[in-house]
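These are the residues of each chain, in order.
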Protein chains: 2
Amino acid sequence: MFQGIKIPTKENIINAFGRIRPYINETPVLTSQTINKITGSELFFKCENFQKGGAFKYRGATNAVLKLDKQLAANGVCTHSSGNHAQALALAARINGLSAYIVMPENAPQVKVNAVKEYGAQITFCKPTLQAREETLAEIKQKTGAAVIHPYNNPDVIEGQATCLFEMNQQINFHPDIVICPVGGGGLLSGTLLTAKYFLTDSKVIAAEPEMANDAWKSLKANRFIPSDNPQTIADGLKTSLGTLTWPLIQQNVTDIFTTSEQSIIETMYLVWERMKIIIEPSSAVALAVVINNRPFFTGKRVAVIFSGGNVDLKHLPWN
Amino acid sequence: MFQGIKIPTKENIINAFGRIRPYINETPVLTSQTINKITGSELFFKCENFQKGGAFKYRGATNAVLKLDKQLAANGVCTHSSGNHAQALALAARINGLSAYIVMPENAPQVKVNAVKEYGAQITFCKPTLQAREETLAEIKQKTGAAVIHPYNNPDVIEGQATCLFEMNQQINFHPDIVICPVGGGGLLSGTLLTAKYFLTDSKVIAAEPEMANDAWKSLKANRFIPSDNPQTIADGLKTSLGTLTWPLIQQNVTDIFTTSEQSIIETMYLVWERMKIIIEPSSAVALAVVINNRPFFTGKRVAVIFSGGNVDLKHLPWN
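Residues numbered from 1 in each chain as written. Chains lettered and ligands numbered in written order. Predicted model: local features only at pLDDT ≥ 70, side-chain atom pairs only at ≥ 80, totals over all residues. Heavy atoms only, no water.

(A) Structural detail: the overall build of chain A. Helix and strand counts for chain A stand at 14 helices and 10 strands. Along the first, second and third principal axes, the C-alpha set of chain A runs to 55 × 45 × 40 Å. Going through the 320 residues of chain A one by one, you find that 61% of them count as buried. Restricting the contact set of chain A to residue pairs at least 6 apart, pairs at least 24 apart contribute 75%. Put simply, chain A shows about 12,000 Å² of open surface, and 48% of that area lies on carbon and sulfur atoms. Distance from the positive charge centre (30 side chains) to the negative charge centre (26 side chains) of chain A: 3 Å. (Helix = DSSP H or I, 4+ residues; strand = E, 2+ residues; numbered from the N terminus. Buried < 20%, exposed > 50% of the residue type's maximum accessible area, 1.4 Å probe, protein only. Contact = heavy atoms within 4.5 Å. Areas by Shrake-Rupley, 256 points an atom, 1.4 Å probe, with all protein chains shown as cover. Lys, Arg positive; Asp, Glu negative; His and termini not counted. Charge placed at Lys NZ, Arg CZ, Asp CG, Glu CD.)

(B) A look at the packing of aromatic side chains. Residues and elements named next belong to chain A. In this structure the tally under the stated criterion is 21 aromatic pairs over all chains. Measuring from centroid to centroid gives 4.9 Å for Tyr270 and Trp319, while their planes differ by 85°, and the two rings are edge-to-face. Of this pair, Tyr270 sits in helix α12 (residues 262–276) while Trp319 sits in the segment after β10 (302–307), and the two are 49 residues apart along the sequence. One exposure class covers both Tyr270 and Trp319, and it is buried. (Phe/Tyr/Trp six-rings, centres within 6.5 Å; stacked < 30°, edge-to-face > 60°.)

(C) The interface of chain A and chain B, seen in detail. The interface of chain A with chain B comprises 23 residues on the first partner and 22 residues on the second. Around 2,000 Å² of area is buried between chain A and chain B when both sides are counted, 53% of it from carbon and sulfur atoms. Together, Lys277(A), Leu314(A) and Lys315(A) form the three largest contributors to the area buried by chain A at its contact with chain B, with a combined 33%. In this structure, the connection of chain A to chain B is made through two salt bridges. When contributions to the side of chain A that touches chain B are tallied by element, the ones reaching two or more residues are α6 (110–118) and α12 of chain A. Tallying contributions element by element places α12(A) first for the side of chain A that touches chain B, with five residues. Partitioning the side of chain A that touches chain B into residue classes produces 11 nonpolar, six polar and six charged. (Buried area = accessible area lost by both parts, 1.4 Å probe. Salt bridge = Lys/Arg side-chain N within 4 Å of Asp/Glu carboxyl O. Nonpolar A, V, L, I, M, F, W, Y, C, P; charged D, E, K, R; others polar.)

(D) Geometry of helix α10 (residues 215–222) of chain A. Residue and element names in this part refer to chain A. All of the buried residues in α10 are Asp215, Ala216, Ser219 and Leu220. When α10 is viewed along its axis, its buried side chains cluster within an angular range of 130° and face the same direction. Contacts from the buried residues of α10 go to β8 (204–210), α11 (246–253) and β9 (256–260). Asn223, located one to two residues past α10, shows a positive phi value of around 60°. (Arc of directions from axis to C-beta.)

(E) Local environment of the packing of helix α1 (residues 10–20) of chain B against helix α9 (residues 187–199) of chain B. Residues and elements named next belong to chain B. Closest axis-to-axis distance for the α1/α9 pair is 10 Å, and the angle between their directions is 115°. By the criterion of interaxial angle, the relationship of α1 to α9 is roughly perpendicular. Seen along the crossing, α1 lies across α9 with a hand that is left-handed. Taken together, the residues of α9 that come into contact with α1 (itself represented by Lys10, Ile13 and Ile14) are Leu194, Thr195, Tyr198 and Phe199. (Axes fitted to C-alpha atoms, helices over the stretch in contact; angles between N-to-C directions. Parallel < 35°, antiparallel > 145°, perpendicular 65-115°, else oblique. Left-handed = near helix turned anticlockwise from the far one by under 90°.)

(F) Layout of the state of the cysteines. Applying the stated criterion across every chain yields a total of zero disulfides over all chains. Of all cysteine sulfurs, the one in Cys181(A) lies closest to Cys164(A), which takes part in no disulfide; the gap is 7.7 Å. For Cys164(A), a relative accessible area of 0% puts it in the buried group. Distance from the sulfur of Cys78(B), which forms no disulfide, to the nearest cysteine sulfur (Cys126(B)) is 13 Å. (Disulfide = S-S within 2.5 Å.)

(G) Broad picture of the side chain of Thr163(A). All names here are of chain A. Position of Thr163 relative to the elements: it lies in helix α8 (residues 155–171). The class of Thr163 is buried, set by a relative accessible area of 0%. Contact partners of Thr163, with chain neighbours within four places excluded, come to Ile13, Ala16, Phe17, Ile20 and Arg59.

(H) Representation of the sheet that holds β9(A) within the structure. All names here are of chain A. As summarised here, the arrangement of the six strands in space is β1-β2-β10-β7-β8-β9, forming an open sheet in which the pairing is mixed. Across the chains shown, the open sheet's two edge strands, defined by having one partner strand only, are β1 (29–30) and β9. The pairing of strand β2 (residues 42–47) with β10 spans six bridges and is parallel. If you follow Phe45 over to β10, its bridge partner there is Val305. In this fold α10 packs onto β8 and β9, with an angle of close to 140° to the strand it touches most, β9. (Pairing = 2+ DSSP bridges.)

(I) Molecular detail of the relation of the copies chain A and chain B. The transform that puts chain A on chain B rotates by 180° and translates by 0.0 Å along the axis, for an RMSD of 0.0 Å. The two molecules are tied by a two-fold rotation axis, judged by turn and shift. In terms of proximity to the rotation axis, the leading residue of chain A is Ile278(A), whose C-alpha is 2.2 Å off the axis. Most of the interface of chain A is mirrored in chain B, where 91% of its interface residues are also at the interface. (Least-squares fit on C-alpha atoms with pLDDT ≥ 70 in both.)

(J) Spatial organisation of the side chain of Asn311(A). Tracing the chain through its elements places Asn311(A) in the segment after β10. Side chain to side chain, Asn311(A) and Gln87(A) meet in a polar contact 3.4 Å long. Here Lys277(B) takes part through its side chain, which lies 2.9 Å from a polar atom of the side chain of Asn311(A). Among residues more than four places away in sequence, those in contact with Asn311(A) are Gly53(A), Gly54(A), Ala55(A), Asn84(A), Gln87(A), Lys112(A), Glu281(A) and Lys277(B). (Polar contact = N/O pair within 3.5 Å; in protein donor to acceptor, adjacent residues only side chain to side chain.)

(K) Main features of unusual backbone geometry. Backbone geometry at Asn223(A) places phi at a positive 60°, although glycine is not the residue there. With respect to the secondary-structure elements, Asn223(A) resides in the loop between α10 and α11. We classify Asn223(A) as exposed; its relative accessible area is 54%. Although it is not a glycine, Asn230(B) sits at a positive phi angle of roughly 50°. Tracing the backbone shows Asn230(B) in the loop between α10 (215–222) and α11 (246–253).

What follows is the structure, given as structure tokens:
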């Protein structure tokens, strides 16, 4: 199901960007003097909350759908996802005239479930564990013959996510000292690490993770893969464990992983909404929260912060 | 107190833009395919929610402060405002090293009161009527000797607000068929009408107003100035009545005024937050709500929609 361990090359990323560019939004890079003052560093926010489907996931899903062999694609595509990849794949499939079958954990936010339905995909719910997701997906695949597009453990998806920092690098005229990127399953982080390795050799990449879903941090510190088990964090996009493809990429290339508390994630999300007037989801806030809570590490630095998405249930906000 | 009836000229607006440009944010013009589909028209959103102080008001306040005679400015500036002009003047004063004294109605949103305090201004509260505001302001002026910067009935403020559409006209490469602009006291609308008259002669300007604070609509239909009296609308920025300077400008130049319900304002605000991932305040939503509710009028047109601001109490949202 995982198409083998094939690390995207420099040329793969350049080609992926050319392939998906007509379909994706070029998302803006924003700055905030207020937040620069708070952090003591110069921050550049890559705003994937303005991406189609509301998150960076649309890059990877679109690249994977466009690279599918026509025969393979005939029965549609399927995946499991807690939300943003589900929306992204449903939208990418619809735009390309394919059927989409999505396995979602039964605790997925209602607003994400509704969006997936709206994009015309068929949803099957399962228990919120990696095992249940993968078993349910295997059943769907057998029943429909749809091609599996894994949310992160797929080189075509990683290539697509790599275009986020690649695009940002074309928008700004310098290499940031540090790139900070949230980590859940590790698709965005893997893509970001590869783009940095190939195109921004003088930039460090730091991953940001919730303390309550710190499987990547634990894995890095223990130097072996440690999966998470049904973690509870408000950053619902970061609950998933790393994959067999993303873990070694991260282990070999990431400078460090910093974690942050639930309270800090909520406060940071509120700060961004109030001061920047943009809607980011908790997973995005994790990256900035790490900068705010590790001020000495970032002081005086130019930092690229990846805001991964903006899909939030507006009727259930964490500060109400 | 109102510096006489002096209509800003074409040259005044060009000069105002040059004067305030180093101090203001160039706010983006955004589009949304989803909302275009809903309305059947092509919409271009001028996003003053990204302006300093969170609203277009900073343009007018900055222009007025920069144009003040040095002797007049020595004792600081004062005004009355339900919120956004207060924040804007407090910030413009602080940046130019002046004291600011602000009269606010006692029902002003707490989040706006806090922002004004944070910018270092001194606040005096009064009853939420135009008479109480003006009387309290007169007292403050007498006590402090500060120069009054009226929130809208001031040609320097109107010049500043005129730069919003002027800037937008430089950002887009066509003249919209229709410009739609919310109306409260009429400062932004007056500036917008003058810019359209001088620089976009082929564009119609439509004003948008809450049904629950429809003094401008009533005045236009009756062909005489009818003030509002403590109106209740969620669009707190649009509660004020027109002024002696803004009313004749509007009467002579506006194509029409459309009104919209409270429910529609809330639904439109939710739509923008959910789909565009940007935070607008209810007053901004009024403009788009009018487009959504008058579909035949706008169908097939290119429409410039002015999002006037984004200052919202995130802990008290109307859909919770």
